[in-house]
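Structure assessment
Chain by chain, the residues run as shown.
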Amino acid sequence: MTEIKKEEEKSLNFIEEIVEEDLRAGRYKNILTRFPPEPNGYLHIGHAKSICLNFGLALKYGGKTNLRFDDTNPVTEDTEYVESIKEDIRWLGFEWAQELYASDYFDKLYQFAVALIKKGLAYVDDSSSEEIAAGKGTPTEPGRDSPYRSRSVDENLELFEAMRAGKYKDGEKVLRAKVDMASPNMQLRDPIMYRIKKAHHHRTGDAWCIYPMYDFAHGQSDSIENITHSICTLEFVSHRPLYDWFIEKLELFPSRQYEFARLNLNYTVMSKRKLLQLVNEKLVTGWDDPRMPTLSGLRRRGYTPESIRLFADKIGVQKRDNMIDVSLLEYCIREHLNRIAARRMVVFDPLKVIITNYTGEERVKSEDNPEDPGTTHRELPFSPELYIEREDFMEIPPKKFFRLSPGKMVRLKSAYIIQCDEVVKDADGRVTALKCSYIPGSKTGGENANMKVQATIHWVSIAHAITAELRLYDRLFKAEDPSREEGDFKDNINPDSLQVIGAAYAEPSLKKATFNERFQFMRKGYFCLDKDTSEDKMVFNRTVTLKDTWAKVQKA
RNA sequence: UGCCCGAUAGUAUAAUGGCAGUACAACUGAUUUUGGUUCAGUUUGUCGAGGUUCGAAUCCUCGUCGGGCAACCA
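Here the structure is a predicted model, which means the values were calculated and not measured.

1. Details of the protein's contact with RNA strand B
- Around RNA strand B lies a shell of 66 residues, among which Glu17, Met323, Arg403, Thr444 and Gln520 are the nearest.
- At the protein interface, 63% of the atoms of RNA strand B within 4 Å belong to sugar or phosphate.
- Here a base nitrogen of RNA strand B sits 3.4 Å away from a polar atom, N or O, in the side chain of His239.
- A distance of 3.0 Å separates a sugar or linking oxygen of RNA strand B from a polar atom in the side chain of Lys413.

Set out below in C-alpha cells:
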C-alpha cells in the first residue's frame, strides 16, 4: 500500500506530463511509442535510457511500443545488428508490439515523394554534393536557390522515376524538398529526401537504388504506424519543423516529436563511432567486452536488467545536458546483487595458514545470503591447512588495521577464531605461512562463539579448494570525459582496466556455478561466470567491487 | 556572429507563484561472524543584474555560460 502511494507521489518527468495532458484532453485513446534503432551497431546504456523511456511510458499509460529499425542506409546496416538489438531489448525485459522496418515503407515513401513532386514541393537536383553544400549557406548567411529548383512537375516526375530505375550513377542526382533556402533553420534549406545508392540492402536486396534520408523516413514511418509520441534525443530538435512540415504537406497522421537529453556517463565513451573504433582497433575484445558500455558488455560483466532499469529510473528524463556519475550505475547493480547474490569464499592472493592445534577435518555451515530471511546454507570443508588473503595479514599493522597480525585474533567466517602465533618466512624474508592456533568452541553455536574479535576474514581449505581465473575490471578511461580531452580519446584509455588473476582459490561449492547465477565473493565483490569458461577452466568476471571503506582509510 | 535548446548542492533530479526536497557521492557515529548490508546524522545549492508581485527557483527583460544546427549519416 505504501509502495503504491510512493509511486503516486513520485513526480512526473516532462514527457509523462505531456502524455497525461494528451490523455486528459482526449487527444488519444491510447498512446503508441516506438524505439527506432539503426541496425548499424550494438545497443549501449544510452539506448537503454531511451528503451526504458519509450517502453516504460507505454507500460505506464496502457499503450504499446513498436520496435522499428531505421534501415534507410544500406551501406552501414546489417542483420547481425538487428539480431543483437532484439536480444538486448528482450534481455532488458521489454516486449514490442510489432517488429517493423523503415524499409517496409519504401514503396509508400516513394509514393509520398511523388505526391510532393506533384504538389510542387520537391524537385530533382543535378548539383554535386559540394555544390549543394555551398548553396546551403552557413548558419549566419542564407543559402541560394539551386539552378534546378524551378524544374517543372512533369520533368521532376520523369527524372525521379529515372532515378529509381537506375539510370543515374550514385551522387548524380538527388530529390530535394522545396522548403526555404533562406530559413534561419539549416534543416529547412531544401533538405535532401532521396539519394542514389547502388548498394545491397540487408532486407530489400537490390530492389531499390534510391534510398530515403532520415528526415524523409522517420516522421513518415511514425505517421504510418500512428505513433502518438515520437521521442528522440536533443540533436533532433532542429529537425522538428521539418518533421512537422512533411506530415503537414502529406496530410498524414500527426505524430508529434519530443526530445530529451541523451545519457552521458563519466569515464565512458558512448558514441557508436568511438565504440566501433575500440572494437576494430582491438583495444577491447569485442562489442561484448565486459568493459564496454554496450548492453552485451554489461550483461557479460554481470549487470542485471533490473539494475539497468533502476538506473534509468534514477537518472530521470530532462532536456539539459548531463554527465552521470558511474557510481550511480554501480550503486544500482550493488543494490540488486546484494539481495540476490549467493555468498562464496574465494582467496585471490593466498597466504598459507597452518592451524597447529587442529587435526582432522570437518564441515562448517554457512548461509548463502544473510539478506534473505529464508536463506539456504551450504557446508564448507575445514581443515588444518588453509589459505587466507595475503592482504588480511600484516606483520607490523598500522593503527586502524583490524585483521591478522602476530599475536592477534580474527574470526574465520563461519568457522573458528584463530590467533597468529608465528610468522614463517623464506630466505628473502617473504612471509610464506602463518602458524596459528584456533580457539576451541569458538564456532557458531559453541561456548566461545561470542568472543569479540575485530575482524572476520574469508578463507578456503587448501586440500579442498578449486581454482578459477578471475577477471577484474576497472574503468576503461582515465579521463572523466574522454572525448573532451585534447587529442585522441584513445590516449585516455586506462592501461589497468583489466587485471587477470590466473588461479584464485575458491571453495568447492563454486564448481557447480551456472551462467545465470550471481555471486558475492565475500569481501571482494560481485562475480559471475564468463562465457570463456571451459571444461578445465572456470572464468569469473567481477561485475563490481563491494564498497570498500578500508581502501579509503588506507589512502588517507 | 544567425536560429534553436538549456542552466537548482560534487553529480543527477523534484518543488507547476507560497517551508528549496530526494537520490548518488562525501563525511561522522551505531549495528554487524563481510571494513559489505542496515540505521541515525552532517556538509554542500536556485548562473548574474534588473523588473512584476504581499510573496519568485518558478513570470518578464537584459546579460553570462553550456549545448545543438552548415553529412547524398541517423
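2. Considerations on the domain arrangement of chain A
- Entries for chain A in the domain assignment read domain 1 (106-213), domain 2 (266-340 + 465-556) and domain 3 (344-461).
- Using only C-alpha atoms to locate each centre, domain 2 and domain 3 end up separated by 29 Å.
- Of the residues lining the interface, 23 residues belong to domain 2; the matching set on domain 3 comes to 24 residues.
- Approximately 2100 Å² of surface area, both sides summed, lies buried where domain 2 meets domain 3, with 60% of it carried by carbon and sulfur atoms.
- The largest per-residue losses of area from domain 2 upon contact with domain 3 belong to Tyr505, Glu507 and Arg523, which jointly make up 32% of the total buried on that side.
- Counting across the interface, domain 2 meets domain 3 through 3 salt bridges.
- At the boundary of domain 2 with domain 3, the tally comes to 11 residue pairs in polar contact (both at pLDDT 80 or more).
- Contributions of two or more residues to the side of domain 2 that touches domain 3 are made by α13 (326-340), β21 (466-473), β22 (498-506), β23 (519-521) and α14 (549-555).
- The dominant element in the side of domain 2 that touches domain 3, judged by the number of residues it contributes, is β22, at 4 residues.

3. Notes on the nonpolar core
- One finds Ile45, Ile51, Ile89, Leu92, Leu265, Ile308 and Phe311 to be the most contacted residues of the largest nonpolar core, which totals 37 residues.
- Setting aside residues no more than four positions away along its own chain, Ile51 makes contact with Phe35, Leu43, Gly56, Ile89, Leu92 and Phe94.

4. Quick look at the sheet that holds strand β18 (residues 431-438)
- Spatial strand order, β19-β16-β17-β18-β12-β15-β20: 7 strands in an open sheet with mixed pairing. Since the sheet does not close on itself, it has two edges, and those belong to β19 (456-457) and β20 (459-461), each with one partner.
- Pairing between strand β17 (residues 417-425) and β18: 7 bridges, direction antiparallel. In the strand pairing of β18, Gln419 is matched with Ser437.

5. Overview of helix α4 (residues 79-92)
- Along its 14 residues, α4 runs 20 Å from first to last C-alpha, staying within 8% of the 20 Å computed at 1.5 Å per residue.
- Those residues of α4 not exposed but buried are Tyr81, Val82, Ser84, Ile85, Lys86, Asp88, Ile89, Trp91 and Leu92.
- Looking at the buried residues of α4, the elements they touch are β1 (32-35), α3 (45-60), β2 (64-69), β3 (99-101), α11 (295-301) and α12 (305-315).
- With a side-chain oxygen positioned 2.9 Å from the backbone nitrogen of Glu80, the residue opening α4 is Asp78.

6. Description of the packing of aromatic side chains
- Counted according to the given criterion, the structure contains 26 aromatic pairs.
- The interplanar angle of 55 degrees and the centroid separation of 5.9 Å between the aromatic rings of Tyr110 and Trp208 together place this pair among those described as tilted. Within this pair, whereas Tyr110 is found in helix α5 (residues 106-118), its partner Trp208 is found in the loop between β6 (192-196) and β7 (210-212), the two being separated by 98 residues in sequence. Neither Tyr110 nor Trp208 differs from the other in exposure class; each is buried.
- Counting every residue linked through ring pairs, the aromatic cluster contains Phe106, Tyr110, Phe160, Tyr194, Trp208, Tyr211, Phe216, Trp245 and Phe246.
- For Arg164, the ring lying beneath its charged end belongs to Tyr110, and the centroid distance is 4.7 Å.

Cut-offs applied
Throughout, a residue's number is its position along its own chain's written sequence, starting from 1. Working convention: letters from A go to chains and numbers from 1 go to ligands, in the order in which they are written. pLDDT decides what is reported in this predicted model: residues at 70 or higher carry local features, side-chain atom pairs at 80 or more are listed and counted, and totals for whole chains, interfaces and linings draw on all residues regardless. Note that water and hydrogens are dropped before the side-chain values are worked out from all heavy atoms of the structure. We call a residue near a given molecule or strand whenever any one of its heavy atoms falls within 4 Å of it. Throughout this description, a polar contact denotes any pair of N or O atoms lying within 3.5 Å of each other; where both atoms belong to protein, one of them has to be capable of donating a hydrogen while the other can accept it, and for residues adjacent in sequence the pair is counted only when both atoms sit in side chains. Segmentation of the chain into domains, including their bounds, is taken from an automatic or database domain assignment. Note on contacts: a residue pair qualifies if any of its non-hydrogen atoms lie within 4.5 Å across the two residues. Using a 1.4 Å probe, buried area is obtained as the accessible area two parts lose upon being combined, added over both of them. Should a side-chain nitrogen of Lys or Arg be within 4 Å of a carboxyl oxygen of Asp or Glu, the pair is scored as a salt bridge. Going along the chain from the N terminus, every DSSP run of H or I of four or more residues is numbered as a helix, and every run of E of two or more is numbered as a strand. Joining through side-chain atoms within 4.5 Å is the link that ties buried Ala, Val, Leu, Ile, Met, Phe, Trp, Tyr and Cys residues into a set, and such a set is a nonpolar core. We call a residue buried when its accessible area falls under 20% of the maximum for its residue type, exposed when it is over 50%, and partly exposed in between, using a 1.4 Å probe and counting protein chains only. Strand pairing is defined by DSSP finding a minimum of two bridges between the two strands. The span you would expect from a helix comes to 1.5 Å times its residue count less one. Pairing of aromatic side chains requires ring centres within 6.5 Å, counting the rings of Phe and Tyr and the six-membered ring of Trp. Pairs whose planes differ by under 30 degrees are stacked, by over 60 edge-to-face, and all others tilted. Think of it as a cone above the ring: NZ of Lys or CZ of Arg counts as a charge over the ring if it is within 6 Å of the ring centre and within 35 degrees of the ring normal.

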